[in-house]
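# Understanding the architecture of this molecule
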Amino acid sequence: MTPPSAQIDDEAASWVIRQDSDALSPSEAQQLSAWLHADTAHAEAYARACKAWGAMGAPAVTRALARQPTAPPASAASPSAPSPPSRAARPPLRRRYQAMALAACVVLGVSLQGQSVLIWWQASARTPVGEIRTITLADGSRVQLDSDSAIAVDDTPGQRRIRLLKGEAAFTVAAAQGTTTALGTRFIVRRDGSRTDILVTEHRVHVVARHQGGPSEEVVREGEAATYGPEGLSPPHQVDVESAAAWTRDRLVFVDRPLGEVIAELSRYHRGYIRLVGTGLRDLRVSGSFVATDPVAAIDTLGHSMNLRVTKLTNALILIRK
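Residues numbered from 1 in each chain as written. Predicted model: local features only at pLDDT ≥ 70, side-chain atom pairs only at ≥ 80, totals over all residues. Heavy atoms only, no water.

### Description of the environment of valine 143
The test is simple: Working definition: helices are DSSP H or I runs of at least four residues, strands are E runs of at least two. Numbering for both runs from the N terminus. For the exposure calls, accessible area comes from a 1.4 Å probe over protein chains only, and a residue counts as buried if that area is under 20% of its type's maximum, exposed if over 50%, partly exposed in between. We call two residues in contact when some of their heavy atoms are within 4.5 Å.
Tracing the chain through its elements places valine 143 in strand β3 (residues 142-145). Residue valine 143 is classed as buried on the basis of its relative accessible area of 0%. For the pair formed by valine 143 and arginine 133, sequence separation is 10 residues and the distance between their alpha carbons is 8.4 Å. Setting aside its immediate chain neighbours within four residues, valine 143 contacts Arg133, Thr134, Ile135, Leu137, Ile151, Ile162, Ala169, Ala170 and Phe171.

Have a look at this one:
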């Protein structure tokens with residue numbers, strides 16, 4: 001069965017292919033608008049592709065795409081199946097690669113740009129994609145920011161409040177739909193949309209979450225994690241701290257994880273676009289340790305060790321297939 005995320009990516013690709021080949025009719029434009037508003041995952045799929053489409057304008061990528069061969073003829077279809085388009089009517093492989101990377105920039109560009117500008121305006125410290133950096137605050141506290149992350153530091157009399165605006169950080173105090181109070185501890189917070197994950201690496205933290213059902217709270221101890229968001233606060237549970245906190249040592253560690261999850265994590269450290277092409281790839285199991293700031297090397301290692309084909313249209317666009 002195709003994973004939901006893969007199906008959404010395919011649906012997004014289908015829409016952009018239609019957009020790229022011709023202007024949408026009014027009814028098709030309405031269908032696209034309804035699809036984009038039906039699920040935030042649809043908008044996120046377009047956002048990922050929008051990132052790639054920006055890179056596609058680079059001259060090196062354009063030249064690489066131009067060198068791609070045209071698509072081979074399709075095999076004969078069964079009588080009951082719809083006849084595939086003829087080769088003359090089918091867009092060349094170069095065009096299809098472009099369509100995979102294309103996004104609805106007109107639809108999402110304003111909102112995404114606005115969100116980025118808002119985070120930039122609010123942030124006291126931030127890191128670009130691919131950088132891990134440690135910030136020392138005025139009182140000597142240390143905050144380690146993961147790739148593409150941002151924090152806001154608010155000083156009030158007798159209190160310093162640190163908010164994680166985006167990404168992941170190892171730090172003292174943070175809030176996102178709740179508060180986390182350090183009780184002589186070190187912990188990591190990761191924010192992913194409306195969901196916030198708390199991982200305690202030393203001692204314990206007191207977590208208070210505010211949600212529709214009212215506030216709830218838990219004490220999360222060393223070696224445990226909890227999650228809070230609009231639905232509430234999950235009970236603490238044991239986690240593999242060494243793997244989860246590996247990024248603070250500039251490493252990414254995966255233990256028996258699906259390849260789809262591994263690629264998603266590597267994408268957080270890569271300025272370009274990485275896409276798995278074909279069925280069955282996302283469920284392949286991966287174990288390994290990689291340098292966090294060199295995702296391209298990690299992909300090369302995965303390609304060799306798992307006998308996968310890695311196609312690079314410069315490092316801005318990387319396609320992985322069997």
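### Describing the packing of helix α8 (residues 259-267) against helix α9 (residues 295-305)
The line we're drawing: Here the axes come from fitting lines to C-alpha atoms, over the contacting stretch only for helices, and the angles between their N-to-C directions go from 0 to 180 degrees. These descriptions rest on fixed angle ranges, namely under 35 degrees for roughly parallel, over 145 for roughly antiparallel, 65 to 115 for roughly perpendicular, and the rest for oblique. A crossing counts as left-handed when the near helix is turned anticlockwise from the far one by less than a right angle, and as right-handed when that turn is clockwise. Note on residue classes: Ala, Val, Leu, Ile, Met, Phe, Trp, Tyr, Cys and Pro are nonpolar, Asp, Glu, Lys and Arg are charged, and everything else, Gly too, is polar.
At a minimum axis distance of 10 Å, the contact between α8 and α9 shows a crossing angle of 160 degrees. For the element pair α8 / α9, the angle class is roughly antiparallel. Crossing geometry of α8 relative to α9 is assigned as left-handed. Counting all contacts with α8, which are made through Leu259, Val262, Ile263 and Leu266, the residues of α9 involved are Pro295, Ala298, Ile299 and Leu302. Grouping the amino acids of the contact of α8 with α9 by side-chain chemistry returns eight nonpolar, no polar and no charged.

### Brief notes about the sheet that holds strand β18 (residues 309-312)
Rules: A pair of strands is treated as paired once DSSP finds two or more bridges between them.
Taking strand neighbours across the sheet as the criterion, the three strands line up as β16-β19-β18 in an open arrangement whose pairing is mixed. Pairing within the sheet leaves two strands with one partner each, and these edge strands are β16 (273-276) and β18. The sheet shows a mean angle of 15 degrees between the axes of neighbouring strands, direction not considered. Seen against the sheet, α8 touches β16 and β19 (317-321) and runs at an angle of roughly 175 degrees to β16. Along the sheet, α9 contacts β16, β18 and β19; its crossing angle with β18, the most-contacted strand, is approximately 145 degrees.

### Comments concerning the nonpolar core
Worth spelling out the cut-off: Residue types Ala, Val, Leu, Ile, Met, Phe, Trp, Tyr and Cys, when buried and joined through side-chain atoms within 4.5 Å, form a set referred to as a nonpolar core.
Grouped together as the largest cluster of nonpolar side chains are 28 residues, with contacts concentrated most on Trp247, Leu252, Leu259, Ile263, Leu266, Leu302 and Ile320. Counting residues per element, the ones that place at least two in this core are β15 (251-258), α8, β16, β17 (285-291), α9 and β19. Those residues in contact with tryptophan 247 that sit more than four places away from it in its chain are Ile132, Gln144, Leu145, Asp146, Glu168, Ala169, Ala170, Ile188, Leu252 and Tyr269. In terms of nonpolar packing, the next biggest core, distinct from the first, is built from 21 residues, Ile135, Leu137, Val200 and Val205 among them.

### What to know about the confidence of the model for the chain
Quick reminder of the rule: The pLDDT value expresses, per residue, how confident the predictor is, ranging between 0 and 100.
Looking at the chain, the pLDDT average stands at 74 and 66% of residues meet or exceed 70. In this model, residues 52-65 is a region of pLDDT below 50 whose contacts with residues beyond four sequence positions or in other chains number 25 contacts. Between residues 67-114, whose pLDDT stays under 50, and residues either more than four places distant or in other chains, the model counts 65 contacts.

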